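Structure assessment
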Protein chains: 2
Amino acid sequence: MEFSSKLLERAVNEMAQLPGIGKRTALRLVLHLLKQPKEQTELFASALLKMREEIKFCRECHNISDVDVCEICANPSRDTSVVCVVEDIRDVMALENTGIFKGLYHVLGGKISPIDGVGPSQLNINSLVDKVKSGRVKEVIFALSSTMEGDTTNFYIYKQIKEYGVTTSAIARGIAIGDELEYADEVTLGRSLLHRIPFENSIKNM
Amino acid sequence: MEFSSKLLERAVNEMAQLPGIGKRTALRLVLHLLKQPKEQTELFASALLKMREEIKFCRECHNISDVDVCEICANPSRDTSVVCVVEDIRDVMALENTGIFKGLYHVLGGKISPIDGVGPSQLNINSLVDKVKSGRVKEVIFALSSTMEGDTTNFYIYKQIKEYGVTTSAIARGIAIGDELEYADEVTLGRSLLHRIPFENSIKNM
């Protein structure tokens, strides 16, 4: 792409560094900003800078927070004996939306992925092991996505904490509510048969 | 969406103001920036601010430029008697990529679209009429997209400039090179029949 302006080119190149944003989309977005009042670009830039500068991570669960200990960890009505291990803040938001989970979270900040250069030391695993060691935690729930990286990470953590006698569990995999059996993949369907539950349990909470 | 951090929420909301970027995508992009070195966000924000602050529009053709008169208008080898009317800088880039057009451009900055509140006065139409009035221009080529808004804009300009005896033309519409006839829409195919050209002409420039 040849640009008639270096300023425009630089803005487009920076915008195109975002994941999933190509040069053409970046140009469309940048031209949109040019058509809007100058204040919108200023607000946008300052929001990004302020966030990158001032954002904190909860020292208990490593979730993104504006204070040292996040709202969830600071809430006295949450059950501190159950810890749900998730990848990032989006999973915390999704689980909080269900309104069912009343324990605490532990945000790893990613999954073990040698291909992307992410090893266990870059994730918040040691602090989880320390939590379990302290004896405060009775159950650890694994809620990573069921990819190869997710499974590897689960297993790595499991090996480190099992000696401390903590209960470990994984969220149920199966056919989503409302989905048709015929469109389900065979691995999911097979597992949902293997891990079937008593019918009485399946109609609870409905 | 409930956020655990106001800083994060503000950044996501600003990002989601961009066209085609929803809240979920915005969150993904913002979390990406958080994982990258701080410098990337700083470069990104400063590129946007600097562009919005300092960008100029060529005073001849209204294209985006870093100087008062853009490279194309300042190029003495371009034919100043032919002016191609386009909507925005992306069209200029696309036409320049062909390497065929050697005239000048006139960037309208949009199309007449009452539904979006865009009237003729918000577009760079008067300066085009002035150019034609001055007698310097021999031909005006309309290259707006062939939507209702594009056709309306073309016709509005045509009515304003025809009295000055300038030649007006529109880019050819027809089946794209390499496309199959059977998949073409009937309007395009019909027009390509009506506006057929001598075979000898069709094999020129091949």
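Residues numbered from 1 in each chain as written. Chains lettered and ligands numbered in written order. Predicted model: local features only at pLDDT ≥ 70, side-chain atom pairs only at ≥ 80, totals over all residues. Heavy atoms only, no water.

1. Details of the UniProt feature "domain: Toprim" (unreviewed entry) in chain A
Rules: UniProt positions are given in the numbering used here, feature names are shortened, and annotations may be inferred rather than shown by experiment. A run of H or I in DSSP counts as a helix once it spans at least four residues, and a run of E counts as a strand once it spans at least two, with each numbered from the N terminus.
Under the present numbering, the feature "domain: Toprim" (unreviewed entry) in UniProt falls on residues 81-176 of chain A. When the span residues 81-176 of chain A is considered, its composition is 33% helix and 18% strand, and the gap between its end C-alpha atoms is 28 Å.

2. Structural notes on the domain arrangement of chain A
Applied cut-off: An automatic or database domain assignment is the source of the domain bounds shown.
As far as domains go, chain A holds domain 1 (6-54) and domain 2 (75-171). Relative placement of domain 1 of chain A and domain 2 of chain A: their C-alpha centres are 35 Å apart.

3. Structural notes on the packing of helix α1 (residues 6-15) of chain A against helix α3 (residues 38-54) of chain B
Convention followed: Whenever a helix is involved, its axis is fitted only over the stretch in contact; in every case the axis is a line through C-alpha atoms, and angles between N-to-C directions fall within 0 to 180 degrees. Helix crossings get a hand from a simple test, with the near helix turned counterclockwise from the far one by less than a right angle marking a left-handed crossing and a clockwise turn marking a right-handed one. Whether two residues are in contact is decided by their heavy atoms: any pair within 4.5 Å suffices. We call Asp, Glu, Lys and Arg charged. Ala, Val, Leu, Ile, Met, Phe, Trp, Tyr, Cys and Pro are nonpolar, and the rest, Gly among them, are polar.
The interhelical angle for the contact between α1(A) and α3(B), taken along N-to-C directions, is 150 degrees, at an axis separation of 9 Å. Considering the relative orientation of α1(A) and α3(B), their crossing is left-handed. Along its contact with α1(A), which presents Leu7(A), Leu8(A), Arg10(A), Ala11(A), Glu14(A) and Met15(A), the element α3(B) presents Gln40(B), Leu43(B), Phe44(B), Ser46(B), Ala47(B), Leu48(B), Lys50(B), Met51(B) and Glu54(B). Here the contact of α1(A) with α3(B) is composed, by residue class, of nine nonpolar, two polar and four charged.

4. Structural notes on the state of the cysteines
Each disulfide consists of one covalent bond between the sulfur atoms belonging to two cysteines. Stated formally: Disulfides are defined in this document as cysteine sulfur pairs within 2.5 Å. Exposure classes here rest on a 1.4 Å probe applied to the protein chains alone. A residue is buried below 20% of its type maximum, exposed above 50%, and partly exposed in between.
Scanning the model with the defined rule gives zero disulfides over all chains in all. Between Cys84(A), a cysteine without a disulfide, and Cys61(A), which holds the nearest cysteine sulfur, the sulfur-to-sulfur distance is 11 Å. A residue is classified by how much of its surface remains accessible, and Cys84(A), at 3% relative accessible area, is buried. There is no disulfide at Cys58(B), and the cysteine sulfur nearest it, in Cys61(B), is 3.7 Å away. Its relative accessible area of 0% is what places Cys58(B) among the buried residues.

5. So, unusual backbone geometry
Although it is not a glycine, His62(A) adopts a positive phi angle of roughly 70 degrees. Residue placement: His62(A) occurs in the loop between β1 (56-57) and β2 (64-65).

6. Brief notes about the relation of the copies chain A and chain B
This is how the line gets drawn: C-alpha atoms of residues with pLDDT of at least 70 in both copies form the basis for the least-squares superposition of the copies.
Superposition of chain A onto chain B requires a rotation of 180 degrees combined with a translation of 0.1 Å along the rotation axis, giving an RMSD of 0.1 Å. The transformation just described matches what one would write down for a two-fold rotation axis. In terms of C-alpha distance to the rotation axis, chain A has Ala45(A) as its closest residue, with the C-alpha 2.4 Å off the axis. Here 100% of the interface residues in chain A have copies in chain B that are interface residues too; the copies meet face to matching face.

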